[in-house]
Structures are given as C-alpha cells and as structure tokens.
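# A closer look at the structure
This is what each chain is made of:
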Amino acid sequence: MSNITFTMIKPDAVSNGHSGKIIDQIIQAGFTIQAMKYVRLSKETAGSFYGIHRERPFFNDLVEFMTSGTIVAAILVKENAVADFRNLIGATDPKKAEPGTIRNLFAKSIEANAMHGSDSDENAANEANFFFSAFERF
Ligand code: IDP
Ligand code: MG
C-alpha cells in the first residue's frame with residue numbers, strides 16, 4: 001500500500017477564498033504536504049488529466065470549469081492516504097457528502113465540487129508525476 005495521494009483545490013474553492021481553510025483541515029486530519037503549487041490548467045492538460053471521462057456527457061463542461069481559474073495542486077502523505085483522503089473530502093455530489101467533509105462544507109455543485117482526490121494508489125502515483133517533477137517534491 002502506498003502512502004501518497006494527489007489533490008487539487010478546484011477553481012470554485014480557490015476563487016471563493018476557501019484554500020486556507022481547506023489546507024488547514026487537511027493538515028488537522030493528519031496529512032503532511034510533500035509538494036504544493038498554484039497551477040492554471042490549459043484545455044489540453046485538463047483534458048488529458050480527466051481523459052478517463054472523455055466519453056461522459058459532462059466532459060467538455062468539466063474541462064471548461066477546471067480551466068476557468070487557478071487551482072492548488074498538492075501531493076499529500078499519510079498512512080492509507082488515498083482512502084482516508086476520499087473520506088475527508090466526501091462524495092462527488094456535495095448533496096450526498098457527509099456533514100463536515102470538505103465537499104459538504106465548500107462545494108457548490110456536483111461539477112464545482114471544491115476538491116479532487118485520487119481514487120487508487122496507482123492513479124495517485126500517476127497524477128503526482130503528471131503535476132510535479134522530482135525537484136518539486138520534499
Ligand atoms: P471524483 O472527483 O469524486 O473522483 P469522478 O467520477 O472521478 O468523481 O468525476 C470527476 C469530476 O467530474 C468530479 O469531481 C466532478 O467535478 C465532475 N463530475 C462527475 N460527475 C459529474 C456529473 O454528473 N455532472 C457534472 N460533473 C460531474
Ligand atoms: Mg475520480
């Protein structure tokens with residue numbers, strides 16, 4: 001089992017000024033930050049990152065949304081990081097997210113849902129490498 005996950009604070013949460021509160025909640029939950037940076041995704045980069053969803057009806061809107069503003073990308077470290085972080089952020093649809101989860105607290109809609117969290121150890125490693133070089137990881 002790997003101990004890293006990859007996350008993004010999405011454009012809705014960054015532009016609404018929630019980044020600081022979200023990062024604090026992540027640290028309070030026991031994660032440490034191995035890498036972090038502001039990024040503005042291009043259509044190509046966002047489309048490639050979400051390539052697995054290319055055939056879904058929401059794909060174009062998702063790329064549009066994810067390129068609409070700055071995001072905060074990060075690699076987080078904790079034992080059981082992938083599963084624990086998915087629990088911390090809550091369900092994809094904030095209406096279904098448990099009270100106190102980050103999406104419950106900060107997300108606006110199923111699309112503008114404040115956070116990304118990797119769904120497997122393999123994807124966490126791939127997504128971390130997609131965003132960060134070895135020089136950016138501590
Ligand atoms: P996840 O982020 O909880 O892993 P995924 O199913 O991997 O959810 O979907 C990726 C992202 O696509 C979601 O976080 C959300 O921003 C968007 N998305 C997922 N389902 C829908 C939908 O039904 N309508 C609009 N956007 C969606
Ligand atoms: Mg996913």
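Residues numbered from 1 in each chain as written. Chains lettered and ligands numbered in written order. Predicted model: local features only at pLDDT ≥ 70, side-chain atom pairs only at ≥ 80, totals over all residues. Heavy atoms only, no water.

With antiparallel pairing, the four strands of this open sheet are ordered in space as S2-S3-S1-S4. On the outer flanks of this sheet lie strand S2 (32–39) and strand S4 (115–117), each paired with one strand and no other. Direction aside, the axes of adjacent strands within the sheet are offset by 15° on average. Direction of pairing for S2 relative to strand S3 (residues 71–77): antiparallel, over a ladder of seven bridges. Among the inter-strand pairings, Tyr 38 is bridged to a residue of S3, identified as Val 72. This element, helix H5 (residues 81–89), spans strand S1 (4–9), S3 and S4 of the sheet and lies at about 155° to S4. (Pairing = 2+ DSSP bridges. Helix = DSSP H or I, 4+ residues; strand = E, 2+ residues; numbered from the N terminus. Axes fitted to C-alpha atoms, helices over the stretch in contact; angles between N-to-C directions. Contact = heavy atoms within 4.5 Å.)

This part takes up the packing of aromatic side chains. The tally for this structure, following the rule as stated, stands at seven aromatic pairs. Each ring, one from Phe 6 and one from Phe 49, has its centre 5.9 Å from the other, and the planes form 55°; the classification is tilted. Taken together, the residues span a long stretch of sequence, with Phe 6 in strand S1 and Phe 49 in helix H3 (residues 43–49) at a distance of 43 residues. In this pair, the class of Phe 6 matches that of Phe 49, namely buried. (Phe/Tyr/Trp six-rings, centres within 6.5 Å; stacked < 30°, edge-to-face > 60°. Buried < 20%, exposed > 50% of the residue type's maximum accessible area, 1.4 Å probe, protein only.)

Another aspect to go through is helix H7 (residues 121–131). Of the positions making up H7, those classed as buried are Ala 124, Glu 127, Ala 128 and Phe 131. Buried residues in H7, looked at end-on, bunch into an arc of 100°, giving them a common side. When the buried face of H7 is taken as reference, the exposed residues oriented beyond 90 degrees from it are Glu 122 and Asn 129. Looking at the buried positions of H7, the neighbouring elements they touch are S1, S2, H3, S3, H5 and S4. (Arc of directions from axis to C-beta.)

Moving on, we get to the nonpolar core. One finds Phe 6, Met 8, Met 66 and Phe 131 to be the most contacted residues of the largest nonpolar core, which totals 22 residues. Elements supplying a minimum of two residues to this core: S1, S2, H3, helix H4 (59–66), S3 and H7. The dominant element in this core, judged by the number of residues it contributes, is H4, at five residues. Here Phe 6 is in contact with Phe 49, Ala 73, Ala 74, Ile 75, His 116, Gly 117, Ser 118, Ala 124, Glu 127, Ala 128, Phe 131 and Phe 132, once residues within four sequence places are set aside. By size, the runner-up hydrophobic cluster in this structure holds 19 residues, among which are Ile 26, Phe 31, Ile 89 and Met 115. (Core = buried A, V, L, I, M, F, W, Y, C linked by side-chain atoms within 4.5 Å.)

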